[in-house]
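Close look at the chain arrangement
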Amino acid sequence: MNGGAHLAQVLEAQGVRFLFTLCGGHISPILVEAKRRGIRVVDVRHEATAVFAADAVARLTGVPGVAAVTAGPGVTNTVTALQNAAMAESPLVVLGGATATLLKGRGALQDIDQLSLVRPLVKQAFAARRVRELAPALERAFQVALDGVPGPVFVECPVDLLYDRELVEGWYGGRGGKGVAGRLVQSYLSLHARRLFAGAGEARPSARLEVAAPEPEPAAVARAARLLSRARRPVLVVGSGAVAEPAGAAEVAAAVERLGMPTYLAGMARGLLGADHRLQLRHARTPALREADLVVLAGFPVDFRLDYGRKIARKAKIVAAGRDPRLLERNRRPTVTAVGDAGRFLRALAGKREGKAGGVGAAAGDPGVWSEWLGTLRARDAERDAEIARQAEEEAPPVNPILLLRELEAVLPDDSILVADGGDFVATASYVLRPRGPLRWLDPGPFGTLGVGAGFALGAKLCRPEAEVWLLYGDGSAGYSLAEVDTFVRHGVAVIAVVGNDAAWMQIARDQVEILGDAVGTVLR
């Protein structure tokens, strides 16, 4: 087998169904061998799209998404998508082509120091130097991507490790020149070629890796339960980190319901409780946080979205649960820090609460204590919904975006998936549209990246072919991936794209014009 076949065997063993790519001579054997093993090779028009699509697959399935990109510019084109995945804690593996092992640093085509470029963006970067190292490096990459805090991993695959041995030895043959020096050089080249393939036939792929999610410490769960038992105005904020295990999303939803706390959902957790659950609040989160005496943050860090902690009352107790201890302690020191999977924390907390006899929240929150608080928050939601309905009736030529999105909300089927890629238009969609169930809303995450849309929609539709996938574009963000309409057509991937077209980068223009009095750089056609 050539090196491409070694890699394809590992992908097959690890349950990879899709390989996203933009072709290049450095990686062709990977694509051909993956196809031979029944892995669907999905070629796109920009490498960032390939990584975004792999990211979406990871979020929806729990299996690391995989992209293969060619050397040099192919790798550099993935930088934004890699950082987006890292900040969203999304597990994926990027296979990067590279120049031949003996030509690195000598001015070969598309040869740069790729490892130095990607190391700050990924959990770990591997570089194979022999054919026999390819499979172990890729297997290790899958483990690292899933272990602890999930994230992207990079594997560099030099071109002379991927093609057939006879062809590679031909590349190195007859290059030494004449005379004694030439023969010595040729001997060295031939020896190097043999070393590349030494032991390659002994490589065997391992069984599919099972990496357990980190459990929260029981002591932290117990402390959180005690705080909850004394709370009179608790608020639960559930973020993407709580659904890092897609297969357990339904159990997380059941745990949230058993806890009985007023709940705000964000990021990938949107839709966790369905379209209209009694515990779910959609508006006026900031006033609720400022009035709460206990705030439980499950998989949702204290960052700009919470004004770096200033949106939470100073005297409120805070319980922060998530896999990354650095994020849990950032900006506001929690009363209880629960390091571990946030979804598992909620399940454990619900179990702890149910184990108590009587008291506040014995099974699903004590209605006599929390019902008034929940009623106050629901009244605010109703007031805001009425305001949105009034705004939908206002004249806003040529189309009122709130009216448009309310019409879309009325016809969304239960199996729909919403992909958000934009500024103003998507911000409006976030408070008008109601995802119908868990894992039915995809947005970039805390990096706020524009351009994720086509890749996310591609990955979502491939994973859930029966679902209606709606891609919500701003007219600015659409420009990043309009070329991928060709990808949708070539691969028979039917998504529905809606472009909110106000001929401007309006989210920027609004403040820029007000503060600086100039719309320069914000006007589109």
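See above for the structure.
The model shown is predicted, which means the values in this text are computed figures rather than measured ones.

As a further point, take the packing of aromatic side chains. Inspection of the entire model under this criterion finds three aromatic pairs. Between Phe18 and Phe20, the aromatic rings sit 6.3 Å apart at their centres with planes inclined by 35°, giving tilted as the arrangement. We note that Phe18, like Phe20, is buried. Their ring planes at 90° and their centres at 6.0 Å tell us that Phe52 and Phe456 sit as a pair that is edge-to-face. With Phe52 in helix H3 (residues 47–61) and Phe456 in helix H18 (residues 453–463), this residue pair connects regions lying 404 residues apart in the sequence. Phe52 sits in the buried class, given a relative accessible area of 3%. Phe456 gets classed as buried once you look at its relative accessible area, which sits at 0%.

If you trace the six strands from one edge of the open sheet to the other, you get E9-E8-E7-E10-E11-E12, paired in parallel fashion. This sheet does not close on itself; its edge strands, each paired only once, are strand E9 (280–281) and strand E12 (336–339). Bridge analysis of strand E8 (residues 263–265) against E9 gives two bridges, and the strand direction is parallel. In the strand pairing of E9, Thr263 is matched with Gln280. Here helix H10 (residues 218–230) sits on the sheet in contact with strand E7 (234–238), strand E10 (294–298), strand E11 (317–322) and E12, set at roughly 140° to E12.

Before going further, it helps to spend a moment on a positive patch on the surface. Taken together, the side chains of Arg223, Arg226, Arg230, Lys317 and Lys352 define a basic patch exposed on the protein surface. Counting residues per element, the positive patch draws most heavily on H10, at three residues. Note on placement: Lys317 falls in strand E11.

The next thing to look at is the packing of helix H8 (residues 165–172) against helix H9 (residues 179–197). In the contact formed by H8 and H9, the axes pass within 9 Å of each other and the chain directions differ by 160°. Classified by the angle their axes make, H8 and H9 are roughly antiparallel. In the packing of H8 onto H9, the handedness of the crossing is right-handed. In this structure, H8 contributes Arg165, Val168, Glu169 and Tyr172 to the contact, and H9 contributes Gln186, Leu189, His192, Ala193, Arg194, Leu196 and Phe197. For the contact of H8 with H9, a count of residues per class yields six nonpolar, two polar and three charged.

The subject of this paragraph is unusual backbone geometry. Of the consecutive residues Pro397 and Pro398, the connecting peptide bond is found in the cis state with omega at -5°. Counting through the fold element by element, Pro398 comes out in the loop between helix H15 (367–392) and helix H16 (401–411). A positive phi is found at Ala284, a non-glycine position, where the angle reads about 55°. One can find Ala284 in the loop between E9 and helix H12 (285–291). Even without being glycine, Asn331 reaches a positive phi, approximately 75°.

This part covers the pairing of strand E4 (residues 92–98). Of all seven residues that make up E4, seven are buried, and the element is covered over most of its length. As judged from the five bridges shared by strand E3 (residues 65–69) and E4, these two strands associate in the parallel manner. Note on E4: the bridge partner recorded for Ala68 is Leu95. Bridge analysis of E4 against strand E6 (residues 152–158) gives seven bridges, and the strand direction is parallel. Paired with Gly97 across the strands is Cys157, a residue of E6.

Before going further, it helps to spend a moment on helix H2 (residues 28–36). Taken residue by residue, H2 has Pro29, Ile30, Leu31, Glu33 and Ala34 as its buried positions. Here the buried face of H2 lies against helix H1 (3–13), strand E1 (18–22), strand E2 (40–43), E3 and E4. Two residues or fewer after H2 comes Gly38, characterised by a positive phi angle close to 85°.

On the surface, a cluster of nonpolar side chains totalling about 280 Å² of accessible area is made up of Leu482, Val485 and Val489. Along the chain, Val485 falls in helix H19 (residues 485–490). A residue is classified by how much of its surface remains accessible, and Val485, at 44% relative accessible area, is partly exposed.

About the criteria used
- Residues numbered from 1 in each chain as written.
- Predicted model: local features only at pLDDT ≥ 70, side-chain atom pairs only at ≥ 80, totals over all residues.
- Heavy atoms only, no water.
- Phe/Tyr/Trp six-rings, centres within 6.5 Å; stacked < 30°, edge-to-face > 60°.
- Buried < 20%, exposed > 50% of the residue type's maximum accessible area, 1.4 Å probe, protein only.
- Helix = DSSP H or I, 4+ residues; strand = E, 2+ residues; numbered from the N terminus.
- Pairing = 2+ DSSP bridges.
- Contact = heavy atoms within 4.5 Å.
- Axes fitted to C-alpha atoms, helices over the stretch in contact; angles between N-to-C directions.
- Patch = residues over 30% accessible without salt bridge, like charges linked within 9 Å, V, L, I, M, F, W, Y side chains within 5 Å.
- Areas by Shrake-Rupley, 256 points an atom, 1.4 Å probe, with all protein chains shown as cover.
- Salt bridge = Lys/Arg side-chain N within 4 Å of Asp/Glu carboxyl O.
- Lys, Arg positive; Asp, Glu negative; His and termini not counted.
- Charge placed at Lys NZ, Arg CZ, Asp CG, Glu CD.
- Parallel < 35°, antiparallel > 145°, perpendicular 65-115°, else oblique.
- Left-handed = near helix turned anticlockwise from the far one by under 90°.
- Nonpolar A, V, L, I, M, F, W, Y, C, P; charged D, E, K, R; others polar.

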